[in-house]
Amino acid sequence: MIALAVFLIAVVAVATADRSAILVDEDPAPVVTITTCGGMVNTSSAAINFQLASSIPAGQACLWTVQAPYDAVRFTLKESGLGMGDLKLTQFIHAIQGYQYNVTEIGANYTYSAGTVLVSLVTGAEASSGFSLEMYSSGDLDVAGGGFTHYETFLNSTGATAYPGNGQPYMNNERAVIIVSPSDAGSRTLTFTGMELEQPSGFHCLYDKVKVLSWYVPWGHLVTEEILCRSELPPPIMLDTGLAVILFTSDSSVTRGGFAFNWM
Ligand SMILES: *[C@@H]1O[C@H](CO)[C@@H](O)[C@H](O)[C@H]1NC(C)=O
Ligand SMILES: *[C@@H]1O[C@H](CO)[C@@H](O)[C@H](O)[C@H]1NC(C)=O
Ligand SMILES: *[C@@H]1O[C@H](CO)[C@@H](O)[C@H](O)[C@H]1NC(C)=O
Ligand SMILES: *[C@@H]1O[C@H](CO)[C@@H](O)[C@H](O)[C@H]1NC(C)=O
């Protein structure tokens, strides 16, 4: 009986030990300001001020990723010349799209209880100027989001990249994200120029794979264009808004050279 009581106390102690004792307050003001069309925000708070006082063309598309350290994440819109549905938040834990908000109301709070969160701007005809969106995180350490083996955003109008791109094979159990978010508006074509992944044993891509997602304007979220796992190169992929998310995952065995692509 005494042994059981000691055991129970030990279990309670272990169960509570992984929660940090101190909850962190929000920063009084954003600690960084981001003005680029897309990118990674990996700080406790931030202001995304994009084209605030200047005019913005229809078809401007940008994708920011917010990976805050604490699990209560609050967004608030300070200023906006955007149209309805142009600015959205999408939860993106482990690169899976979750709850989405249309960010339209100045001063309202749009909250999540865990990151990762994507901030997307895809302007329609109503947009006249840009926006200022603030993000604050507080509370306990966020253990849900992140966990990416690689995360990179390209703002280049045109470009080319390879993954891993260091002459070495990729690793087991990878979850790598490459975002193409060209700073200037317009459609692009994404073309794979190299592909060497673990061969699947059947028709489906069960092992290592590259998933290409693009922004589908009528639905207002990312949709899958291709899932690739063979060595054949797919035909060029049209990106209507220019935005693409390339998600690479590998399983626990067999690694190969990786892949390469360009966009223009
Ligand atoms: C965010 O920053 C933390 C701490 O500097 C780092 O460990 C983590 O890898 C970063 N996350 C991403 C997705 O870049
Ligand atoms: C967000 O806005 C889009 C386009 O304006 C609309 O179709 C959609 O229903 C809205 N979603 C929510 C959750 O309000
Ligand atoms: C938004 O959240 C902040 C911080 O918790 C709070 O001070 C403010 O009153 C909230 N605003 C609204 C409109 O709920
Ligand atoms: C993107 O642009 C930067 C700065 O102009 C350049 O250094 C970089 O090599 C470019 N990256 C790609 C992938 O084209």
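Residues numbered from 1 in each chain as written. Chains lettered and ligands numbered in written order. Predicted model: local features only at pLDDT ≥ 70, side-chain atom pairs only at ≥ 80, totals over all residues. Heavy atoms only, no water.

As annotated in an unreviewed UniProt entry, the chain carries the name Neuropilin-1a and is attributed to Folsomia candida.

Engineer: Could you clarify how one ought to interpret the pairing of strand β8 (residues 109-112) in this entry?
Structural biologist: Burial of β8 is one-sided: the residues Tyr110 and Tyr112 facing one way are buried, the residues Asn109 and Thr111 facing the other way are not. Two elements, strand β5 (residues 70-80) and β8, share four bridges in a ladder whose sense is antiparallel. Bridge assignment links phenylalanine 75 to a residue of β8, and that residue is tyrosine 110. (Buried < 20%, exposed > 50% of the residue type's maximum accessible area, 1.4 Å probe, protein only. Helix = DSSP H or I, 4+ residues; strand = E, 2+ residues; numbered from the N terminus. Pairing = 2+ DSSP bridges.)

Engineer: Any chance you could explain the state of the cysteines here in plain terms?
Structural biologist: Simply put, the disulfide is a covalent bond whose two ends are the sulfur atoms of two cysteines. A complete count under the given rule lists two disulfides for this structure. What pairs with cysteine 37 in a disulfide is cysteine 62, and their sulfur atoms sit 2.0 Å apart. Between cysteine 37 and cysteine 62, the disulfide has an S-S torsion of -100 degrees and is therefore left-handed. Taken as a pair, cysteine 37 in the loop between β1 (33-34) and β2 (39-41) and cysteine 62 in strand β4 (residues 61-66) lie far apart in primary sequence, 25 residues in all. Owing to a relative accessible area of 3%, cysteine 37 belongs among the buried residues under this scheme. Residue cysteine 62 is classed as buried on the basis of its relative accessible area of 0%. A sulfur-sulfur distance of 2.1 Å marks the disulfide that ties cysteine 205 to cysteine 229. (Disulfide = S-S within 2.5 Å.)

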